[in-house]
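# Inside the fold
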Amino acid sequence: MRIRCPACKHTTTWEENPWRPFCSERCKLTDLGRWASGQYKIEGEEKEEKQGETEPEEKEG
Ligand SMILES: [Zn+2]
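Residues numbered from 1 in each chain as written. Predicted model: local features only at pLDDT ≥ 70, side-chain atom pairs only at ≥ 80, totals over all residues. Heavy atoms only, no water.

Bringing the overall build of the chain into the picture now. Helix and strand counts for the chain stand at one helix and two strands. Along the chain, helices (α) and strands (β) appear in the sequence β-β-α when read from the amino end. Classification of the 61 residues of the chain by burial places 15% in the buried group. Sequence separation of at least 24 residues holds for 13% of the intrachain contacts in the chain that already meet a minimum separation of 6. Surface exposure of the chain reaches about 6,000 Å², of which carbon and sulfur atoms provide 47%. (Helix = DSSP H or I, 4+ residues; strand = E, 2+ residues; numbered from the N terminus. Buried < 20%, exposed > 50% of the residue type's maximum accessible area, 1.4 Å probe, protein only. Contact = heavy atoms within 4.5 Å. Areas by Shrake-Rupley, 256 points an atom, 1.4 Å probe, with all protein chains shown as cover.)

Given below as structure tokens:
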């Protein structure tokens, strides 16, 4: 069974995947981190709030 990683949108497998529904541990932790910090964007919502101020992006890995 093939699934799509909700974090990076890459295709992965369900059965042989300890990190399902994610493709890797990193994606799992990344996703959980987003939920915890409230940065998770709901799919389909295309709202961007820009008020002239930019926040520094965090680098992963
Ligand atoms: Zn992934």
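Summarising the element assignment, Thr12 is placed in strand E2 (residues 11–13). Aside from chain neighbours lying at most four places away, what touches Thr12 is Met1, Arg2, Ile3, Cys5, Asn17, Pro21, Phe22 and Cys23.

Attention shifts here to the coordination of the zinc ion. Coordination of the zinc ion by the protein involves Cys5 (SG), Cys8 (SG), Cys23 (SG) and Cys27 (SG), with metal-donor separations of 2.3 Å. Taken together, the four donor atoms surrounding the zinc ion define angles of 106 to 118° at the centre, an arrangement classified as tetrahedral. Mapped onto the sequence, the residues coordinating the zinc ion show the spacing C-x2-C-x14-C-x3-C. Taken together, the residues Cys5 in the loop between strand E1 (2–4) and E2 and Cys27 in helix H1 (residues 25–37) connect sequence positions 22 residues apart. (Donors = N, O, S within 2.8 Å, 3.2 Å for Na, K, Ca; no water. Tetrahedral: all angles 85-135°; square planar, octahedral: opposite > 155°, others 65-115°.)

The buried category is assigned to Thr12, whose relative accessible area is 13%. Spatially, the C-alpha atom of Thr12 lies 8.7 Å from that of Met1, the residues being 11 residues apart in sequence.

Take unusual backbone geometry next. The omega angle of the peptide bond from Arg20 to Pro21 is 0°, so this bond is cis rather than trans. Looking at where Pro21 falls in the secondary structure, it is placed in the loop between E2 and H1. We note that Lys9 has phi near 70°; this positive angle belongs to a residue other than glycine. When its relative accessible area of 40% is taken as the criterion, Lys9 is described as partly exposed.

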